[in-house]
Amino acid sequence: MKRAERLHALSEMLRRSGTRGCSAERLAREFGVSVRTVKRDLAALESSGAPVWSRPGPGGGYGLAPGASLPPVSLSPAQAVALMAAVSAAPDAPYADLAAAGVRKVLDVLDPRTRARADELAGRVWVDAIPSPSRAIRSALEEAMAEQRVVRIRYTAGDGTTTTRDVEPVLFASTNGRWYLVGWCRLRDAMRWFTVSRIERASVTRTACGGHTVHEVGEPPANARPVHGRVERATRTTAPVGTARPGP
């Protein structure tokens, strides 16, 4: 998780803790960093203007002053549950951690009656989600995509062959119940599809991507679209989203 994302998630955890607050040790465990790093992050939040308070001694901790929250949000119970269901059903989706944090933030500021009705309705929606890749791998892939930097992955193909490759990320794609990282493979000098669940290790390099575009992936089928809902048809005729498979 990048520091900027961790700072945002840290402020959200402090806000949800209310007047109880959270100890530095608990925050460190939650984000997988040292107590010293957490205290530096808290200082950075305070310097940026966040109303961070601290309570020393046994039972003490850190929190956000009252009022550090979203303005009122108007959602029906069904709309709130729709958000929860969508995020819960796709734990392996790109940026799923941030999506879950966003949904919690929205739910926390619903009026008590709507929140209670949403909680009751949510108990009637079950999700059998597949295990998601490790947070470290997902965070590296997400960062590489957002920053457009080369990501180094250790990848095991369907035939059991394991290789280490430098990939220029172009897009994330979901098809047939699986998520793929689609990018320019510098080992094969070609566009390749990598099943995210087969990526065993991932680290972001300092190397910028070479400018490969979504259009190089090929024209998507009629039912494929970006998550913003608008479809821009490509002019090339390489393998479409619905039929392409990871290459060797």
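Data block above holds the structure.
Here goes a summary of the coordinates provided. (Residues numbered from 1 in each chain as written. Predicted model: local features only at pLDDT ≥ 70, side-chain atom pairs only at ≥ 80, totals over all residues. Heavy atoms only, no water.)

A grouping of Arg16, Arg20, Arg26, Arg29 and Arg104 is seen on the molecular surface, where their side chains present a positively charged patch. Positionally, arginine 29 belongs in helix 2 (residues 24–31). With relative accessibility at 62%, the residue arginine 29 sits in the exposed group. (Patch = residues over 30% accessible without salt bridge, like charges linked within 9 Å, V, L, I, M, F, W, Y side chains within 5 Å. Areas by Shrake-Rupley, 256 points an atom, 1.4 Å probe, with all protein chains shown as cover. Salt bridge = Lys/Arg side-chain N within 4 Å of Asp/Glu carboxyl O. Lys, Arg positive; Asp, Glu negative; His and termini not counted. Charge placed at Lys NZ, Arg CZ, Asp CG, Glu CD. Helix = DSSP H or I, 4+ residues; strand = E, 2+ residues; numbered from the N terminus. Buried < 20%, exposed > 50% of the residue type's maximum accessible area, 1.4 Å probe, protein only.)

Another aspect to go through is the pairing of strand 5 (residues 178–185). Here strand 5 lies mainly inside the structure; seven of its eight residues are buried. As judged from the six bridges shared by strand 5 and strand 6 (residues 190–195), these two strands associate in the antiparallel manner. Opposite leucine 181, over in strand 6, you have phenylalanine 194 as the bridge partner. Connecting strand 5 to the antiparallel partner strand 6 that follows it, the hairpin turn spans four residues, and aspartate 189 within it adopts a positive phi of roughly 55°. (Pairing = 2+ DSSP bridges.)

Attention shifts here to the nonpolar core. Residues Leu141, Val151, Ile153, Leu181, Phe194, Ile199 and Ala202 are the most contacted members of the largest nonpolar core, which totals 19 residues. Of all the secondary structure elements, the ones that give two or more residues to this core are helix 7 (135–147), strand 3 (149–156), strand 4 (162–175), strand 5 and strand 7 (199–208). In terms of nonpolar packing, the next biggest core, distinct from the first, is built from 16 residues, Leu14, Leu27, Ala28 and Leu42 among them. (Core = buried A, V, L, I, M, F, W, Y, C linked by side-chain atoms within 4.5 Å.)

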